[in-house]
Amino acid sequence: MWEDFINALNNFKRNKTRTFLSLLGVIIGVASVIVITSMGKSSTKEVEKNFGQAGLDVVSVNAGKMKKGSQSNTIVLDEAFRTELFDNIDNIKKIWYKNTLSATIAYGETSSTVSCSAVETGYLEMYNMQLEYGSFFNVTDNEEGTQKIILNHETAQDYFPAGDALGKQLILVASNVSFCFEIIGVLKDQTTGMEGGAAFIPRGFYSKKIKPNPSADSAMVEAVSNQKALELVTTIGNYCTEKTGNSYAVRINSMQTMIDQMSKITGTMSMMLSAIAAISLLVGGIGIMNIMIVTVTERKGEIGIRKALGASPNDIRQQFLIESASITLIGGVLGVISGIIISLAVEYVQKQAYVISTQACLIAFIFSVFVGIFFGLNPASRAAKLDPVIALSGE
């Protein structure tokens, strides 16, 4: 077998152009599968990076809607509901309520309408949001409803480009009423996570001055671990459905669920595109079969001599099968190397996380060798069946 492999390499050297063209289809097919799979995994990792690790243990619960013509109830996100969740559902660490409002913020001659979030103490820390300078809300701010505000990085830059926002007083207009707020903190540029409000005020102030005793727009339920967060999505949904008889009573999302859905979509697309890329391997295999048929025709004399010297049909078949498999073996190796290099280059240009699937490399390589054996079987069988007399006569 080793001797057949060496002979195959020598034959490749004698027919360099033919060998190169045979290799090309295999290299392109293997490289395509690896590049597509790598880009799919890199995209998934990029999604996870953009969402960040903070908030993976948090489930977002929003009040749903009543079905048309139904007598079923909806869920009200009030203190009674918060207590019910704690009492009836396991694996809950903490529950935060949040209200969102559209407000106009003005300082000097600058004003704009922004999305403002009224949050409870610890909410921003829960999402692992970092301060550029200043401080977060404390318990007193929420209990007493102090007129303090925290700006995100972009909003602070718009109003205070010199970076001197701390301690400044600005006007916030909500529900046609103006309030004066003191800036106590500015957040760092937040590129990850789900929370993206332009400004944050204590929910205690919102419930006392803007909308007395309101229900929350959303509840953020923190699980005891990331793994339990996925269980809470189902558990809370089932509890609310049983409580109200309305499967639309609440809308529940989690960052982990969103990431999993994105990963599933990306994975499916990668598999489809990899399957399409694998077709080029089959096309390359057909090309190899044609070239091997030509090779068998050209080497009838060699086959006749080997058979005259006692070579069995199995020996002849093995010789040409090894030659066919050698082409795809070499093409597979070169394809894997090319695929990794191209993936590195693409991900470097796109500035994405570098991910190469070892499994994809292995499967693409094995498939390429299988293609060589499968499509080399017919020419090898033809060579094995040649009559030595006819082969030596050159007919």
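Structure's up top.
Right, let's walk through the structure included here. (Residues numbered from 1 in each chain as written. Predicted model: local features only at pLDDT ≥ 70, side-chain atom pairs only at ≥ 80, totals over all residues. Heavy atoms only, no water.)

This part covers the overall build of the chain. The helix and strand inventory of the chain stands at 13 helices and 10 strands. Computed over the C-alpha atoms, the radius of gyration of the chain is 34 Å, more than 25% above the 21 Å expected from 2.2 N^0.38 for a compact globule of 395 residues. Considering only C-alpha atoms, the chain reaches an extent of 105 × 55 × 35 Å along its principal axes. Each of the 395 residues in the chain was classed as buried or not, and the buried ones make up 45%. Restricting the contact set of the chain to residue pairs at least 6 apart, pairs at least 24 apart contribute 78%. (Helix = DSSP H or I, 4+ residues; strand = E, 2+ residues; numbered from the N terminus. Rg over C-alpha atoms; globule rule 2.2 N^0.38 Å. Buried < 20%, exposed > 50% of the residue type's maximum accessible area, 1.4 Å probe, protein only. Contact = heavy atoms within 4.5 Å.)

For the rest of this paragraph, the subject is the pattern of salt bridges. What the rule picks out here adds up to eight salt bridges. Taking the shortest distance from any N to any O, the salt bridge between Glu231 and Lys228 comes out at 3.7 Å. Of this pair, Glu231 and Lys228 both sit in helix H8 (residues 226-244), three residues apart, which is roughly one turn of the helix. Owing to a relative accessible area of 27%, Lys228 belongs among the partly exposed residues under this scheme. Shared partners join several salt bridges into a network, and the residues in it are Glu79, Arg82, Glu120 and Arg203. (Salt bridge = Lys/Arg side-chain N within 4 Å of Asp/Glu carboxyl O.)

Together, Met262, Ile265, Met269, Met272, Leu273, Ile276, Ile279 and Val283 make up an exposed nonpolar region whose accessible area comes to about 760 Å². Mapped onto the secondary structure, Ile276 falls in helix H9 (residues 255-298). (Patch = residues over 30% accessible without salt bridge, like charges linked within 9 Å, V, L, I, M, F, W, Y side chains within 5 Å. Areas by Shrake-Rupley, 256 points an atom, 1.4 Å probe, with all protein chains shown as cover.)

The interhelical angle for the contact between H9 and helix H11 (residues 313-350), taken along N-to-C directions, is 140 degrees, at an axis separation of 11 Å. As judged from the angle between their axes, H9 and H11 are oblique. At the point where H9 passes H11, the crossing takes the right-handed sense. Contacts between H9 and H11 involve Ile288, Met292, Thr295 and Val296 from the former and Phe320, Glu323, Ser324, Ile327 and Thr328 from the latter. (Axes fitted to C-alpha atoms, helices over the stretch in contact; angles between N-to-C directions. Parallel < 35°, antiparallel > 145°, perpendicular 65-115°, else oblique. Left-handed = near helix turned anticlockwise from the far one by under 90°.)

As for its placement among the helices and strands, Asp57 is situated in the loop between helix H2 (16-51) and strand E1 (58-63). Buried charge without a salt bridge: Asp57, with Lys93 as the nearest opposite-charge side chain at an N-O distance of 5.8 Å. With sequence-adjacent residues up to four places away left out, Asp57 is seen in contact with Val221, Glu222, Ala223, Ser225, Asn226 and Ala229. (Lys, Arg positive; Asp, Glu negative; His and termini not counted.)

Right, let's talk about H11 for a bit. Taking 1.5 Å of rise per residue, the 38 residues of H11 would be expected to cover 56 Å, and the 54 Å separating its terminal C-alpha atoms lies within 8% of that figure. Note on H11: the residue one or two positions beyond its end, Lys351, has a positive phi of about 55 degrees. (Expected span 1.5 Å × (residues − 1).)

Let us now look at the pairing of strand E3 (residues 110-119). Note that strand E2 (residues 92-107) and E3 share 10 bridges and pair antiparallel. Bridging across to E3, Ser102 finds its partner in Ser115. Remark: two residues form the turn of the hairpin made by E2 and E3, two consecutive strands paired antiparallel; Gly108 in that turn has positive phi of roughly 65 degrees. Pairing geometry for E3 and strand E8 (residues 199-202), over four bridges, is parallel. If you follow Ser117 over to E8, its bridge partner there is Phe200. (Pairing = 2+ DSSP bridges.)

Attention now moves to unusual backbone geometry. Of note in the backbone geometry, Asn91 takes a positive phi value of approximately 70 degrees without being a glycine. As for its position among the elements, Asn91 is in the loop between helix H3 (79-88) and E2. With phi around 60 degrees, Asn128 is a residue other than glycine that occupies positive phi space. By the element assignment, Asn128 lies in the loop between helix H4 (123-126) and strand E4 (131-134). Judged by relative accessible area, which is 45%, Asn128 ranks as partly exposed.

Before going further, it helps to spend a moment on the environment of Ile36. Along the chain, Ile36 falls in helix H2. A residue is classified by how much of its surface remains accessible, and Ile36, at 22% relative accessible area, is partly exposed. In this structure, the C-alpha to C-alpha distance between Ile36 and Met272, residues 236 residues apart in sequence, is 9.7 Å. Not counting residues within four places of it along the chain, the set of residues in contact with Ile36 comprises Ser270, Leu273, Ser274 and Ala277.

Moving on, we get to helix H7 (residues 203-210). Burial analysis of H7 places six of its eight residues in the buried class, the great majority of the element. The set of residues buried in H7 consists of Arg203, Gly204, Phe205, Tyr206, Ser207 and Ile210. Next to the buried residues of H7 lie E2, E3, helix H5 (139-144), strand E6 (169-174), strand E7 (177-187) and E8.

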